[in-house]
Amino acid sequence: MHILSRITGALGGVAVLAIAGIALSGGAAADSKEGSVPAKPTFTKDILPIMQKKCQDCHREGGMAPMPLRSYEDVRPWARAIKEKVVSRYMPPWHIDPTVGEYDPDPSLSDAQIATIAKWVDSGAPKGNPSDAPPPRVFPPNNTWVFGEEPDLVVTSAGFEVPATAADQYPKVDVPTGLTEDRYIKWMQVIPEDPTVLHHVLIYALQSEAATGGVRGVKPTQGSNSLLTEYARGNDGDIFANGTAKLLKAGSKLRFSFHYHPNGSKAVNEHARIGFKFFPKGYTPKYLISTKGVSSPASLAIPPGEANARSDAYFRLEEPARLVSFQPHMHYRGKRMALEAILPDGQPQLLTDVAHFVWTWQITYAYKTPPAFPKNTVLHVTSYHDNSAGNRENPDPTAFVGWGDRTVDEMNIGWIDFYYITDQEYADLQKQKDGSPKATVATGSGRQ
Ligand code: HEC
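Residues numbered from 1 in each chain as written. Predicted model: local features only at pLDDT ≥ 70, side-chain atom pairs only at ≥ 80, totals over all residues. Heavy atoms only, no water.

1. Let's talk about the environment of Y231
With respect to the element layout, Y231 can be found in strand 8 (residues 226-232). Residue Y231 is classed as buried on the basis of its relative accessible area of 11%. (Helix = DSSP H or I, 4+ residues; strand = E, 2+ residues; numbered from the N terminus. Buried < 20%, exposed > 50% of the residue type's maximum accessible area, 1.4 Å probe, protein only.)

2. Observations regarding the sheet that holds strand 7 (residues 198-206)
Pairing is antiparallel in the open sheet, where four strands are placed in the order 5-11-7-8. The sheet terminates laterally at strand 5 (172-176) and strand 8, the two strands that pair on one side only. For this sheet, the mean angle separating the axes of adjacent strands, direction not counted, is 20°. Where strand 5 lies against strand 11 (residues 253-260), five bridges are found, and the strand directions are antiparallel. In the strand pairing of strand 11, P176 is matched with K253. (Pairing = 2+ DSSP bridges. Axes fitted to C-alpha atoms, helices over the stretch in contact; angles between N-to-C directions.)

3. Focus: the pairing of strand 19 (residues 334-342)
For strand 19, the buried fraction is high: seven of the nine residues fall into the buried class. Linking two consecutive strands that pair antiparallel, namely strand 19 and strand 20 (residues 348-354), is a turn of five residues; a positive phi of about 95° is found at G346 within it.

4. Comments concerning the pattern of salt bridges
The full count for this structure, using the stated rule, is 16 salt bridges. A salt bridge links R310 to D312, with the shortest nitrogen-to-oxygen separation between them at 2.9 Å. Given a relative accessible area of 46%, R310 falls into the partly exposed group. Among the salt bridges present, the one from K431 reaches D428, with a minimum N-O distance of 3.8 Å. Of this pair, K431 and D428 both sit in helix 5 (residues 423-432), three residues apart, which is roughly one turn of the helix. We classify K431 as exposed; its relative accessible area is 64%. Taking the relative accessible area as the measure of exposure, D428 reaches 16% and is therefore buried. One connected set of salt bridges, linked through shared partners, spans E149, D152 and K277. (Salt bridge = Lys/Arg side-chain N within 4 Å of Asp/Glu carboxyl O.)

5. A few points about the confidence of the model for the protein
Averaged over every residue, the pLDDT of the protein is 84; residues scoring 70 or more account for 84%. Here residues 1-33 is modelled with pLDDT under 50, and outside its nearest four sequence neighbours on either side it reaches 113 contacts, counting other chains as well. Low pLDDT, under 50, characterises residues 436-448; the predicted model gives this stretch 45 contacts beyond four residues in sequence or across chains. (pLDDT = per-residue confidence, 0-100. Contact = heavy atoms within 4.5 Å.)

6. Details of the coordination of the iron atom of the ligand
All of the protein donors around the iron atom of the ligand are H59 (NE2) and M91 (SD); their distances to the metal are 2.0 to 2.3 Å. What the six donor atoms of the iron atom of the ligand show is an angle range of 84 to 179° at the metal, which sorts the shape as octahedral. Here the residue H59 occupies a position in the loop between helix 1 (43-54) and helix 2 (72-75), and M91 occupies one in the loop between helix 3 (79-87) and helix 4 (111-122), the gap between them amounting to 32 residues. Its relative accessible area of 22% is what places M91 among the partly exposed residues. (Donors = N, O, S within 2.8 Å, 3.2 Å for Na, K, Ca; no water. Tetrahedral: all angles 85-135°; square planar, octahedral: opposite > 155°, others 65-115°.)

Quick look at the structure:
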């Protein structure tokens, strides 16, 4: 299940490799971290373990994917498609240039795993010896709270009638939380009534400009109407590392901002619920995580037929800060989005390059070790949209496209989760780094 969970503020050990330079490299191959390629791969010995680890979270009965990949009988008819989707790195969904940055969780396949699958398919997809098969993986029932406990608060949206066939619908529903005191969120998870119609839902906290609640060294950046979480394919929950949290205030409301996509077969009365687990009353986290949508609506002007329309958005860090995660958001014409840091001395560092953006997947890329930046670093989001006929998702290459809510309009939002730290903490993180003279991104962990 962790593949579907955005583990924010991960406590990693290994440094994030920040690659200098604004030039975005192509989707170069990752190094083979995991395993070697067997001479004669079989399903039971070599393929099933990969399916269990990297595919079955979604590809199982009742999962979000269209077909289970549990048994040989399940997998065999899909062998060719599987090879194609893993070689192109479309599956498992993880659409970044794997040579840039380190992430946790990282559900992607290693080069060796991809080569093993390709070799197995090319050699006729043999089953192999049944006794080689690992025991079946056991999954928790669907629609359960995945972080192992019951939530303290569940907020349910009003029902919405989604017809069997219709245009996509974008209702917004406000629901009071009923909270009478400020609480810090440990984890939150959205459970839809019927995942077949819920394309995604953004959940905002409607609350007065967040005070820092005694959290030191931070500015109140978790402003009013701040995004709390998003449920979408590839992202259904957030859990925060010790020392970090998001704040939900007394008297707050939640705004559920839905995107429903009729499933084509039956009408559904859909209502989603979100569960919150709070830190104990009176507990104050050291750091308050803020979510910021870095976008530039005014500069988004995509001419008809343009295959590579670029737009840029910037956000300046007012204090030293650590970056927890990045999630690109675009629509049909979204093609690529990259995040870089421009350090106060002007030096750019590429942090993440979502080189193969797929608009139906809104994936959060959480850094294994949240990189730290000095005050006045500018985070720069570069978006590319493809409005040509060559983009198979494009509903109308003759249209001039600008910013808007509908899927046929566009957006260029880079959602970032980050928290401010003190100058001293930044200096300490810098000291902890093992000496690369050029690296300006502090990568130490464990200071929280
Ligand atoms: C996070 C959930 C998730 C994971 C993990 C995942 N898939 Fe998928 N997969 C989906 C969904 C949803 C679809 C259908 C929508 C789409 O194609 O984007 C899909 C589609 C596919 C298809 C295309 C089916 C078709 O109709 O053509 C193949 C093949 C596939 N997956 C194979 C795999 C393999 C192999 C793995 C593991 C190496 C894997 N997937 C991991 C969710 C997932």
